[in-house]
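Summary of the model geometry
Residue-level listing of the chains:
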Amino acid sequence: MSGADLSVIIVSMNCRGELAECLASVERARGGLAVETFVVDNASRDASAAMVAGQFPQVRLVANKSNRGFAAANNQAVAMATGRNILFLNPDTVVRPGALETLVRTLDGDKTIGVCAPQLLNADGSIQESSRREPTPAALLHQYTPLRLLRIFKSASRRYKRGAFDFRTAADVEIVLGAAFCVSARVLAQVGVLDERFFVYFEEMDFCRRVREAGYRVRFEPSGRIT
């Protein structure tokens, strides 16, 4: 496919059933968009790659012989993508109707937006808190050390997790979670791909920061929904 509206990139590892459901949902949610889909499999042992090849022949499959990590695997597909927008999507997601069109419409309609993220829902339909502020050392100490049990730095953690934010309202934010975020290929070419020094986690935080430093906005758009 040449000049797709959207390139969807999914990095997988040992999640065959969830991946199949995710890919099926992407197909259902195409709408009127020209969509190309990539799966980069990080050496799964559950025949995920064979499932993709057999059940989704239209998907471009990259089967790594080792686990290259989240950022590096995504970047493998970025190098092959033709879409003017790129959606980084976790395999344990289900894309709801209209979500892809919402993300593309938002990025195409406002060139000041570099990243757009949908509303994320839990399996029971409840809303996930899917954006963050820049973390402080205090917030990270609360999040990742036993200080959390002592409720030390709780207020810093709450601010980092945007405890008072209304996740039903569109807004500019600092950081969106890496489970599903869409990037203008034009902006991606300017700010660079995901930093492969992050093997897993925090790569989206670094990327959103670079996008903002380049003068673009990071947008949370709850009218697009992904479970």
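Our subject in this report is the structure included herewith. (Residues numbered from 1 in each chain as written. Predicted model: local features only at pLDDT ≥ 70, side-chain atom pairs only at ≥ 80, totals over all residues. Heavy atoms only, no water.)

1. Points about the overall build of the protein chain
- Along the backbone of the protein chain there are eight helices and ten strands.
- Considering the protein chain as a whole, with its 227 residues, one finds that 51% of them fall into the buried category.
- The contacts in the protein chain between residues at least 6 apart in sequence include a share of 75% that link residues at least 24 apart.
- Element-wise, carbon and sulfur atoms account for 52% of the exposed surface of the protein chain, whose accessible area totals about 10,400 Å². (Helix = DSSP H or I, 4+ residues; strand = E, 2+ residues; numbered from the N terminus. Buried < 20%, exposed > 50% of the residue type's maximum accessible area, 1.4 Å probe, protein only. Contact = heavy atoms within 4.5 Å. Areas by Shrake-Rupley, 256 points an atom, 1.4 Å probe, with all protein chains shown as cover.)

2. A few points about the sheet that holds strand E9 (residues 180-184)
- Ordered by their spatial adjacency, eight strands build an open sheet running E3-E2-E1-E4-E9-E5-E10-E7, and the pairing between neighbours is mixed. Unpaired on one side and paired on the other, strand E3 (60-64) and strand E7 (171-173) mark the two borders of the sheet. Across the sheet, the mean angle from the axis of one strand to that of its neighbour is 25 degrees, orientation sign disregarded.
- Strand direction decides the pairing type here: strand E1 (residues 6-12) and strand E2 (residues 35-42), joined by seven bridges, are parallel. Each residue of the ladder has a partner; that of Ser12, found in E2, is Asp41.
- Running at roughly 145 degrees to E1, helix H3 (residues 70-78) makes contact with E1, E2, E3 and strand E4 (85-89) of the sheet. (Pairing = 2+ DSSP bridges. Axes fitted to C-alpha atoms, helices over the stretch in contact; angles between N-to-C directions.)

3. A short note on the pattern of salt bridges
- Inspection of every chain in the model, using the stated rule, returns eight salt bridges.
- As a salt-bridge pair, Asp172 and Arg219 come within 2.9 Å of each other at their nearest N and O atoms. With a gap of 47 residues between them, Asp172 in strand E7 and Arg219 in strand E10 (residues 217-226) connect regions that are remote in the sequence.
- Overlapping salt bridges bring together Asp110, Asp172, Arg217 and Arg219 as one network. (Salt bridge = Lys/Arg side-chain N within 4 Å of Asp/Glu carboxyl O.)

Function-wise, these values are silent; they only describe arrangement.
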